Each structure stands twice: as C-alpha cells, then as structure tokens.
Amino acid sequence: MKKYCLLLISLISITNNAQIKGTVSDEKGNPLPFVTIFQEETYNGTTSNELGKYELNLKKTENQTVIFQYLGFKAQKVAIQTEQFPYSLDVKMAEESYSLNEVVINTKINPAIAIIKNAIASKKENTEKTARFKADFYSRGIFKLKNAPKKIFGQKIGDMDGSLDSTGTGIISLSETFSKITFEKPNNLKEIVTASKVSGRDNDYSYNTARSSFYDFYDNTVDFKVNMISPIANNAFNYYKYKLESTFYDENNQMINKIKVTPKRDSEPVFEGYIYIVEDSWAIYAVHLDIKGYRMKEEFVDVMTLKQNFSYNRNSKIWAKNTQSLEITAGAFGIKFTGKYNYVYSNYEFVNSFAKKTFTNEITSVEINSNKKDSLFWNNYRPIPLTFEESNDYIRKDSIYKVRNSKKYLDSIDAKGNKFKIQKILTGYTYKNSTEKHSFSYEGLLNLGSLSFNTVQGYNFDTGFRYTNWKNQEKGKNTSISTKLNYGFSDDRLRATGSFIHRFNNQDYGTLYLTGGNTVKQFNAEQPISKAINTISSLAFKNNYMKLYNLEFATIGYSQDIANGVNLNGKIEYQQRKPLFNTTDFSYFNKQNLYTSNNPLAPDDFITPVFEKHHLMKINLNAKINFGNKYSSRPDGKFNIRNEIYPTLYLGYEKGFAANEKKYEFDHVNARLNYEAALGNKGNIGLNLKAGKFFNGENISFVDYKHFNGNQTHIGQTERYLNVFNILPYYSNSTNDRYFEAHAEYNDEGYIMNKIPLLNKLKSTLILGAHSLSTPNLKPYTEFTVGLDNLGFGKFKMFRVDYVRSYQNGFQGDGVIFGLKFLNILE
C-alpha cells in the first residue's frame, strides 16, 4: 500500500509542477524530438524528448508567449492566456517553406560565400556578446550497447548489473545533472553541481558536467580530442565548400540562411552538414553537423552528430544557445554502441565583467547530498521528460541495485564464488566477502601472463597472494597487502617480494607503502625493455639486451598532495646488490650463436661482474608540480585536471649513505620538464627535458649511474617516443656525472598528411622527432626521426613506423622502429 501512495504522490507532484506540458508533432501526427521550447523574451526553456513530449515550468503565471522552434519547421508562437495550471498544450508544427530571394544566373557566383565571409567578419562581435555569463545547466546522458558477446577474451561479462538482456542489448549508462555555471571565454569556468543522478547507483555522481559540453563554433577550432575546424573559422575556406540551400524567417521575422557545409578533403578534421546564419547580424541560429570518427582519429566511432539551437532575446539582442544534443554511433566486431547527450541552458545572466576572484582552480564542485535528491525533485524540475525506456531503466536498475547490494544477495554470490576446487591450485583462487568489503586472492601456478625468458633465470614465472580491504572506499581509504613469488627454472631459484599499501583518503591522496624482498632488476630502474619484447628477442633472435642484477631490499615511503598541483613523495630504502651471470644459452633459433654476457659494459666478458657485491641506504625525495592545476571536488574525492597551458615539473633528490664502503655513497639532484601543446589545427608538439648532476659519485656502483632509455629491439611500445632514444644502445652513455637530455615530437594530426594525394588515403599522421643527450665524457648523441602514426587495418590503427638517423661525433647509424602500441596495453 505504501508503494501505491508514493506513486500517487509522485504523479500528483508531476502534474502540479509541470505547468505546461504536451506533445509536439508534425501535421501528420508524427512526434518531433528535441524541439526547442522557450518562454518569449526570456532564457527559460526546454526541449522535447525522443517521443515529442515536453514540460516547461513558467517563471510567472500571468499571460505568456511560448515559442516552439525546430529546424525544418516553421517556428510557432503560442499565447498562454490562463492562470489555471497545469496547462496542457499539444502543438502541431508545419514544415518550413524554403525559398531563395533571387535566382542565381551566373553559376560562378556563390551566395553562400558572402554569408560565410560576413559570419567570419562578425565573429568577434557576436562571441563577445556571450563571452561572460551565469546560467542554469541541465544534462542527460544515455549510453546503449547492442549485440554484446557472452564472453570477451574468455571472460564472462554477465548482464553488467542488470543493463543487458539475453541478446546483449541494453542501457549501460544513464545519468542526469543540474548545475549552476559561471563562464568566461575562453576557458574560465565555475560549476556547482546541485543535483546528480545515476541509474542503478544511488551513491554515485554523474560525469555529465558542463566542462565537457562547450562546443563553440565562433572559435576557429572545436575540441573533439583533435581540433576540428569550425565552418566559420578564419581559414574555413581552405577546408570547406558551401552551398546556400534555402532561406526562411524565424518567429521574429529575421531571415535565416541554411547553408550546406561540405569538406574539400575527406580525411581532414572537418564537419559536414548544415549551419544556419542570421541575416544582417550574421550570428549562428543553429548547427546540425556530423563528425566522422576517422576524421578525429577515433576509428571505433562511426559518426557523431552535434546539434545546437540558439534563441533570440529582443531585450538583450543576444542569440544564446539554449539546447544542444550530441549523438554517438560506434562499434566493432558486430557490437554497436550508441550514446545520446542532451543539454539545456536556461536563465542566462550576461555580464560585462566578473570580480577578480570569481574563478579559481576549482572548476567543478559537487554539493553534499546532491546525489540524494528523491524522485519528487527530479519529476518536478527535470526539463526534458523521461521516455518510457529511461523511466523503466531507473526503476529496474535501482531495484536491482538494492537487491544485489543486500547482505543476503552478496553472501550468496560470495558463497558460490568462494567454493574451493582442487584445480584452483593451478588456476588460482579468490575468497571475497563483499559485505565486509575485503578479499584474498591467489594467482595460481599457471599464471601464463607472467611467463618470460631471460639469460639469467631462463624461463621464469610469477605467482602470488593478495589481500585487499576497501571497507571505507567511499572516503578513499583502502589497504592492500601482497606478495609475489618468482621462480627461475635455469638458475633454480625462488625469489619473493612483498608490499603493504594504505591510502588514507582521496582528498590529498596520502599513501603509506612498505615493500621488501628479493628480486632481479634491470640496471636501468625505468625498465627500458619489457619482459615480452626481451623474451621474443632472446628466443627468436638470440639477442640478450636485458641486463639484470640481484636486489635484496626493504623500503618505507609516503606520498601526498601537499598543495594544489603539488605532490611530494619520499622514501628510505636499504639495498643489497649482487651481480648475476648467464645461466642458459637456450633459444629456438640461431643456436650456433652465443648470447652476450650479463655485463652491460663488457658484452664478451662472461667472468668479470660490472660491480662488486655491496649494500647501502638510499633516501629519495621527489616532487611533482602541475602549474595552474585545475581540479574537480566531490564529496567522495578531489580529482586533478592538468592545465594544458602549463608544463609539469618534476624535482628529485637522491642520496646514498651508510654503505659498506664509502665509495658507494653519493648525492644526485635531477629535474624533468614535460610539456604538450596543441597548435590549433596544425597538430601538437610534445617536449620532455631532463637534467641532473651527481656529487661525490666518482666511484659509485654502476647500479646507481644515470642510465638512459635506449632501444635496440626496433620495437616501439608507447603512443609517443618522448622518453626514449630509438636506436641508442641501452648502457652506452650511462654516467655518474652531469647530464642533459631532450626529446621533442611534432604530430601533425593529419594537417600535412591529409593534403598529400594517395598518402591521405592512409588517414595517418606525420611524426617528426628530435632527441639529444649530453654527458661530460662523450660527444653529444643526437637522433632525428620521421614517421607515420595511426597506421593499421580498418578500425584498428595500432601501428607506427619511424625512420631514425643518429649522430655522435659524426654519423652513427640509422634504423627503422616499428611501433606496436597494443603491446603497451598487454604489458
């Protein structure tokens, strides 16, 4: 009975607060989705849903005029002459009668050119009118999946918390947000989220914030991961062809020009579709543009469709965006994704300026209990009515969530999963208590993902145990205790390491960690050659590039954000190092050849170690500084957002002390600067600069030298090569003195490649790189590279190819690097 009463109250509340509601359709009765509906001479508006249903809450109850605006149909003004609310108003819209003012006899004259030129010339004036404002913001996002398989890589995906039916189809994400936004062009934003709702997650927060919804076509480029060229950019005529298809008059008797936008070259970052320009003011009336996935280097996206509608206020004489929608179609392997995001901007307040401290580094703040608004609130204030599918998703998933998070259900699922079977000794076992929120896992003896080969251990594999506790995860607190066991078949040795990690919160991310044990390590702590690549290189080509030593260690460390954008990490560590030697000469090919030794400085010396056994203590202090760091704050945490205008600076100090011999002690200071900058529509550039200096390091162990990331395998694994010398031997330039290294890469993002006939069919990007290294005792080492990225087949653009030429005291050598970016994912 209680449920029925609540339902009745909810229905009454919807009726009482809707004020004006109804259906918008065409003259044949077909519903019209996403019709813009607003109160005349105000910025109070909404839009219809997919079924043409709408609800509009009037700010005043006296006689008002409501305007219905939809591309392709005549705008309608409807006077509301009643004070009896709720008021039901169904509207039928007639198709627009398009016309051209004159017949163009001279086919060489294109009237659209003059309109676009005027729109470009008037951009500064039009964009300045909406450069600073406050507004109410509503967003709704829905994401659907179709034809999902039962398993992916052998793992069951289940019904995704009730999202999918038996055919693998359903809504996998549905959420809504209300915010108060304050905005100043180009990128000052202050957003306060007042209400947030996520289907099936009553304790979660929606990510549909205003920060991700600003698409301004008055700018020269519009950010969709790559910078897409606006149809009214200053250089737009280099990218687009235009056709004036028709003109019509809006509800204010202003003439609107409907212009078809067509790309000149298919593979460039361009839109296609329609832009509507107001005669005389040359402001944007609406846009309806498609973005092809391959044009923005998102191969799995088929198409994105962006629609924007603007309304005119005769009092302020401003065209302001009131509704926006973004539809996405994507997929691969027969799986289809569709997404739809709707945005409503209302109650604008345009100002000439803001106070100095209006905008801070906090971009978004989410109010406490914003995710606790009940259904009455949402039914009263939601500007776009839910469809039946959306309403049903909320009801069904909220019910499923309550059931699946009940103690009885969680205990039953755990009991089923916790059953031990004898084969799990080989395959692995996990015990989980979802109610108490902790788990224990064992990796098993058939952990094939860890199987690798090197000349010191031969074939080796890992297994291990892990305990995790996330009882206070909502506050960001969690604990992990783990151990890893590694066994080498050739050296017949078992090594073990363990770790304890405790994070105290997710506001300053204070984290305490303790680690220790016995392991093998590469001399270069950055691990320049992966286990997978080294295994293939050794067994197939008999190359022995991974040089290892034995490390016994114990470490205690702590890291924390000590200020906005500043993270400090400190640790103290005891280390005992022991040299290792090859124990196997096994390979599948080139069996007549010998592996090089495990001495990185003497590849043909199989007896002399590169260092003597020793021990010492080390202190490391490291700071990471993101200048101009922005962040989003929510009740469940602080989330940093790097300010792309500024670089990231790393500062480090390392001290070796309390060694068994004084000669192993040293001081080492270092700094690193990372910077990536977008160059408008002309691509982007990345920089990575490093410098350091050793003090009292003349006789230190080779382990403590500064080693540089070389590559002798001719395989690249990362998106960008900003931390590696592509054909530098791994330990040829290691130093215990001062050093400086610089890496730079330019990615044209298709700016050049799209204009080259035949090559533009590859839809690839041009990469130009330069790398330099300076140390005191050697001539500077330099590399220059030229390559193509975003290569592949169909939707799979996972390859890159670079030609490299190096110089050190004259020409050194050249080579080709094959980038296999999927290997980085597998690692």
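(A) Seen up close, the overall build of the protein. Along the protein, the regular secondary structure elements total nine helices and 44 strands. Relative to a compact globule of 827 residues, whose C-alpha radius of gyration would be 28 Å, the protein shows 32 Å and is just as compact. Along the first, second and third principal axes, the C-alpha set of the protein runs to 100 × 75 × 50 Å. Taken over 827 residues, the protein has a buried fraction of 49%. Of the contacts made within the protein by residues no fewer than 6 positions apart, 61% connect residues no fewer than 24 positions apart. Accessible surface, the protein as shown: approximately 40,200 Å² in total, 56% of it carbon and sulfur. For the protein, the separation between the mean place of its 104 positive charges and that of its 84 negative charges on side chains is 2 Å.

(B) The pattern of salt bridges, seen in detail. The full count for this structure, using the stated rule, is 42 salt bridges. One salt bridge connects D814 with R805, and the closest N-O pair in it is separated by 3.5 Å. What makes D814 partly exposed here is its relative accessible area of 41%. One connected set of salt bridges, linked through shared partners, spans E676, R720, E745, R800 and D802.

(C) Local environment of the sheet that holds strand β6 (residues 73-80). The four strands lie next to each other as β3-β2-β5-β6, forming an open sheet whose pairing is antiparallel. This sheet does not close on itself; its edge strands, each paired only once, are β3 (45-47) and β6. Mean inter-strand twist for the sheet, computed between neighbouring axes without regard to direction, equals 20°. Relative to strand β5 (residues 64-70), strand β2 (residues 36-39) is paired through four bridges, and the arrangement is antiparallel.

(D) Here's a closer look at unusual backbone geometry. Between K185 and the following residue, P186, the backbone shows a cis peptide bond with an omega angle of 10°. Relative to the elements of secondary structure, P186 occurs in the loop between β12 (170-184) and β13 (188-198). Positioned with a positive phi, N253 is a non-glycine residue whose angle comes to about 65°. Inspection of the secondary structure assignment puts N253 in the loop between β16 (240-249) and β17 (255-263). The class of N253 is exposed, set by a relative accessible area of 59%. Its identity as a non-glycine residue notwithstanding, W282 has a phi of 60°, on the positive side. Within the secondary structure, W282 is located in the loop between β18 (272-278) and β19 (284-292).

(E) Up close: the environment of P729. Tracing the chain through its elements places P729 in the loop between β39 (715-716) and β40 (739-747). Here the alpha-carbon distance between P729 and T358, two residues 371 residues apart in the chain, equals 53 Å.

(F) Region of the structure containing the side chain of S701. Tracing the backbone shows S701 in the loop between β38 (684-695) and β39. By relative accessible area, S701 is classed as buried at 2%. With near-sequence residues (within four places) excluded, S701 lies in contact with R577, F611, H614 and Y664.

(G) Molecular detail of the nonpolar core. Core analysis: the largest hydrophobic core is formed by 49 residues, its most contacted members being F224, Y240, I259, F271, I284 and Y285. Discounting residues that sit within four places of it in the chain, Y240 has contacts with I229, S230, P231, V261, T262, P263, K264, V270 and F271.

(H) Looking closely at the packing of aromatic side chains. Inspection of the entire model under this criterion finds 53 aromatic pairs. Their ring planes at 80° and their centres at 5.2 Å tell us that Y43 and Y348 sit as a pair that is edge-to-face. Taken as a pair, Y43 in the loop between β2 and β3 and Y348 in strand β22 (residues 335-350) lie far apart in primary sequence, 305 residues in all. A relative accessible area of 11% places Y43 in the buried class. A connected cluster of aromatic rings, assembled from ring pairs, spans Y43, F133, F183, F214, Y348 and F350. One Lys or Arg, K258, reaches over the ring of Y274 and ends 4.6 Å from the middle of that ring.

(I) Representation of helix α2 (residues 111-121) within the structure. Of all the residues in α2, the buried ones are A112, I115, I116, A119 and I120. Buried residues of α2, viewed axially, fall in a sector of 135°; they line one side. Structurally, α2 contributes buried residues whose contacts are with α3 (123-129), β16, β17 and β18. Its side-chain oxygen at 3.0 Å from the backbone nitrogen of A112, N110 defines the N-terminal cap of α2.

(J) Layout of a nonpolar patch on the surface. Side chains of F420, I422, I425, L426, L445 and L446 sit close together on the surface and give an oily, nonpolar patch of about 590 Å² of accessible area. Inspection of the secondary structure puts F420 in the loop between α6 (407-417) and α7 (424-427).

(K) Looking closely at the pairing of strand β44 (residues 811-820). Sheet topology places β39 next to β44; two bridges connect them, and they run parallel. Looking across to β44, one finds that G716 is bridged to G819. Looking at chain direction, strand β43 (residues 796-807) and β44 are connected through nine bridges and run antiparallel. Looking across to β44, one finds that Y803 is bridged to V816. Hairpin connection from β43 to β44: three residues lie between these consecutive antiparallel strands, with N809 at a positive phi of about 60°.

(L) Representation of the side chain of K197 in the model. Looking at the element boundaries, K197 is found in strand β13. Dropping the residues within four chain positions of it, K197 is found in contact with L174, S175, E176, S206, W378, R382, Y394 and D398.

(M) Molecular detail of the pairing of β18. Counting buried residues in β18 gives five out of seven residues, a clear majority hidden from the surface. Across six bridges, β17 lies against β18 in antiparallel orientation. Looking at β18, one finds that V261 is bridged to G273. In this sheet, β19 lies alongside β18 in antiparallel orientation, the contact comprising six bridges. Note that in β19 the partner of I275 across the bridge is V287. Counting the residues between successive antiparallel strands, the hairpin from β18 to β19 contains five residues, one of them, D280, with a positive phi of roughly 80°.

(N) Main features of the environment of G449. By the element assignment, G449 lies in the loop between β25 (438-442) and β26 (452-454). Linking G449 and G293, residues 156 residues apart in sequence, is a C-alpha distance of 33 Å.

(O) Region of interest: the environment of F133. Among the secondary structure elements, F133 is positioned in strand β9 (residues 132-146). In this structure, the C-alpha to C-alpha distance between F133 and E349, residues 216 residues apart in sequence, is 5.4 Å. The residues touching F133, leaving out its near neighbours within four places in the chain, are I181, T182, F183, F214, Y348, E349, F350 and F354.

What counts and what doesn't
The residue numbering used here restarts from 1 in each chain and proceeds along that chain's sequence as written. Where local features are concerned, this predicted model is filtered to residues with pLDDT of at least 70; where side-chain atom pairs are given and counted, the filter is 80 or more; whole-chain, interface and lining totals use all residues. Excluding hydrogens and water, the side-chain figures rest on all heavy atoms present in the structure. Starting at the N terminus, helices and strands are each numbered in turn, a helix being any DSSP run of H or I of at least four residues and a strand any DSSP run of E of at least two. The atom set for the radius of gyration is the C-alpha atoms, and the globule formula is 2.2 Å times the number of residues raised to the power 0.38. Exposure is judged per residue with a 1.4 Å probe applied to protein chains only, and the accessible area is read against the type maximum: over 50% gives exposed, under 20% gives buried, and values in between give partly exposed. Two residues form a contact once any of their heavy atoms are found within 4.5 Å. Methods summary: accessible areas were calculated by the Shrake-Rupley approach with a probe of 1.4 Å, and residue burial reflects only the protein chains presented. This count recognises Lys and Arg as positive and Asp and Glu as negative, with His and chain-terminal groups excluded. Every charge is mapped to an atom, namely NZ of Lys, CZ of Arg, CG of Asp or CD of Glu. We define a salt bridge as a contact between a side-chain nitrogen of Lys or Arg and a carboxyl oxygen of Asp or Glu at a distance within 4 Å. Strands pair, by our definition, only if DSSP identifies at least two bridges between them. To define axes, lines are fitted to C-alpha atoms, for helices over the stretch in contact only, and angles between the resulting N-to-C directions are given on a 0 to 180 degree scale. The set of buried Ala, Val, Leu, Ile, Met, Phe, Trp, Tyr and Cys residues whose side-chain atoms join them within 4.5 Å is what this entry labels a nonpolar core. Ring pairs shown here join Phe, Tyr and Trp side chains whose ring centres sit within 6.5 Å, with only the six-membered ring taken for Trp; geometry is labelled stacked below 30 degrees between planes, edge-to-face above 60, and tilted in between. A ring has a charge above it when a Lys NZ or an Arg CZ is no more than 6 Å from the ring centre and no more than 35 degrees off the ring normal. It is the directions from the helix axis to the C-beta atoms that the arc portrays. In protein, a polar contact requires one atom able to donate a hydrogen and another able to accept it; more generally it is a pair of N or O atoms within 3.5 Å, and residues adjacent in sequence count only if both atoms are side-chain atoms. By definition, no residue in a patch forms a salt bridge, and every one has over 30% relative accessible area; like charges are joined within 9 Å, nonpolar side chains (Val, Leu, Ile, Met, Phe, Trp, Tyr) within 5 Å.

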